[in-house]
Amino acid sequence: GENVEQHPSTLSVQEGDSAVIKCTYSDSASNYFPWYKQELGKRPQLIIDIRSNVGEKKDQRIAVTLNKTAKHFSLHITETQPEDSAVYFCAATSQGVSTGGGNKLTFGTGTQLKVEL
Amino acid sequence: ETGVTQTPRHLVMGMTNKKSLKCEQHLGHNAMYWYKQSAKKPLELMFVYNFKEQTENNSVPSRFSPECPNSSHLFLHLHTLQPEDSALYLCASSAGTNSDTQYFGPGTRLTVL
């Protein structure tokens with residue numbers, strides 16, 4: 001099955017700096033890569049996603065890049081702010097039993113991002 | 001924030017108790033999921049339902065029993081749990097086709113004594 005590795009496990013940056021979180025995956029058939037942000041005591045929320053037919057996607061201060069050949073994808077946050085402090089999870093689809101619906105996401109172990117004033 | 005709801009938000013139970021977790025989605029989705037989130041571990045997929053049919057059981061012990069009466073509701077019945085089952089249980093839903101976004105509920109914080 002799919003295996004997703006995420007680094008670093010913790011990341012501390014100064015406000016205004018950039019933050020980069022990297023993930024690798026094992027299943028070359030994976031085609032959907034979402035990133036979730038989870039604040040303390042709250043649900044994971046999708047912040048950005050990318051599909052395998054695209055190499056890069058950007059949404060304001062957040063961007064994701066995908067290298068299918070190397071099987072890795074990264075989250076980039078620019079001009080970090082204290083409210084960016086949270087745990088970030090990457091995920092990749094893997095082959096589910098059903099081809100007709102639902103996708104089987106495999107998650108990374110998460111990165112605790114701390115933005116310091 | 002109200003697209004996927006879960007009750008209860010917190011649950012404390014003994015190892016001999018029987019309890020149920022409930023999830024409801026108001027997004028018109030066809031696929032629903034149960035995940036387990038333990039400290040310092042990745043989210044673990046437990047079950048997948050699509051159009052009320054279970055399509056994935058990720059080797060989950062039988063003390064966890066899911067039920068999906070319709071596309072909007074998902075239950076997780078718990079019995080004779082172990083302390084190591086203490087975790088945050090998250091429900092999610094998606095439209096149902098491959099590569100669709102999953103939306104999570106707030107989770108149930110379960111403590112097994």
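For the structure itself, look to the data block above.
These lines cover the structure that appears in this document, whether it is placed above or below. Bear in mind that the values here come from a model prediction, so they are computed numbers and not experimental data.

Another aspect to go through is the overall build of chain B. When helices and strands are counted, chain B shows 0 helices and 11 strands. Mapped from its N terminus to its C terminus, chain B presents α and β elements in the order β-β-β-β-β-β-β-β-β-β-β. A compact globule built from 113 residues should have a C-alpha radius of gyration of about 13 Å, and chain B, at 13 Å, falls within 12% of that. Principal axes of the C-alpha set define a box for chain B whose edges measure 40 × 25 × 25 Å. If you take every contact in chain B between residues at least 6 apart in sequence, the share linking residues at least 24 apart comes to 52%. About 5,100 Å² of surface is accessible on chain B, with carbon and sulfur atoms providing 51% of the total.

For the rest of this paragraph, the subject is the environment of Gln 37 of chain B. Within the secondary structure layout, Gln 37 of chain B lies in strand 4 (residues 31-37). Note: C-alpha distance between Gln 37 of chain B and Leu 21 of chain B (16 residues apart in sequence) is 15 Å. In this view, Gln 37 of chain B contacts Gln 38 and Phe 89 of chain A together with Leu 43, Ala 87, Leu 88 and Leu 90 of chain B; residues no more than four positions away in its chain are not counted. Within the local environment of Gln 37 of chain B, its side chain forms a polar contact with the side chain of Gln 38 of chain A, the two groups lying 2.7 Å apart.

Here we come to the sheet that holds strand 3 (residues 19-25) of chain A. Within a sheet, neighbouring strands are paired by backbone hydrogen bonds and run either parallel or antiparallel to one another. Residues and elements named next belong to chain A. Overall, antiparallel pairing links the 5 strands, which are arranged 1-3-8-7-6 in an open sheet. Only two strands of the sheet have a single neighbouring strand rather than two, namely strand 1 (4-7) and strand 6 (56-59). Between one strand axis and the next, the sheet turns through 15° on average, direction left out of account. In the sheet, strand 7 (residues 62-67) pairs with strand 8 (residues 72-77) via 6 bridges, with the strands oriented antiparallel. Looking at strand 8, one finds that Ala 63 is bridged to His 76.

What follows is about the packing of aromatic side chains. Describing an aromatic ring pair means giving the distance of the ring centres and the angle of the ring planes. Taken as a whole and judged by the stated rule, the model has 11 aromatic pairs over all chains. With a centroid separation of 5.4 Å and 45° between ring planes, the pair formed by Tyr 35 of chain B and Phe 104 of chain B is classed as tilted. Placement of Tyr 35 of chain B in strand 4 and of Phe 104 of chain B in strand 10 (residues 103-104) is noted, with a sequence separation of 69 residues between them. Consider the rings of Phe 64 of chain B and Tyr 89 of chain B, whose centres lie 5.8 Å apart with planes at 35°: the pair is tilted. Within this pair, whereas Phe 64 of chain B is found in strand 7 (residues 64-70), its partner Tyr 89 of chain B is found in strand 9 (residues 87-94), the two being separated by 25 residues in sequence. Through successive ring pairs, a cluster of aromatic residues spans Tyr 36 and Phe 107 of chain A together with Tyr 33, Tyr 35 and Phe 104 of chain B.

With that out of the way, let us pick up the pattern of salt bridges. Scanning all chains against the criterion turns up 5 salt bridges over all chains. The residue Asp 49 of chain A makes a salt bridge to Lys 57 of chain A at a minimum N-O spacing of 2.9 Å. Residue Lys 57 of chain A is classed as partly exposed on the basis of its relative accessible area, which comes to 35%. A salt bridge links Glu 44 of chain B to Lys 41 of chain B; its shortest N-O distance comes to 3.5 Å.

What counts, and where the lines are drawn
- Residues numbered from 1 in each chain as written.
- Chains lettered and ligands numbered in written order.
- Predicted model: local features only at pLDDT ≥ 70, side-chain atom pairs only at ≥ 80, totals over all residues.
- Heavy atoms only, no water.
- Helix = DSSP H or I, 4+ residues; strand = E, 2+ residues; numbered from the N terminus.
- Rg over C-alpha atoms; globule rule 2.2 N^0.38 Å.
- Contact = heavy atoms within 4.5 Å.
- Areas by Shrake-Rupley, 256 points an atom, 1.4 Å probe, with all protein chains shown as cover.
- Polar contact = N/O pair within 3.5 Å; in protein donor to acceptor, adjacent residues only side chain to side chain.
- Pairing = 2+ DSSP bridges.
- Axes fitted to C-alpha atoms, helices over the stretch in contact; angles between N-to-C directions.
- Phe/Tyr/Trp six-rings, centres within 6.5 Å; stacked < 30°, edge-to-face > 60°.
- Salt bridge = Lys/Arg side-chain N within 4 Å of Asp/Glu carboxyl O.
- Buried < 20%, exposed > 50% of the residue type's maximum accessible area, 1.4 Å probe, protein only.

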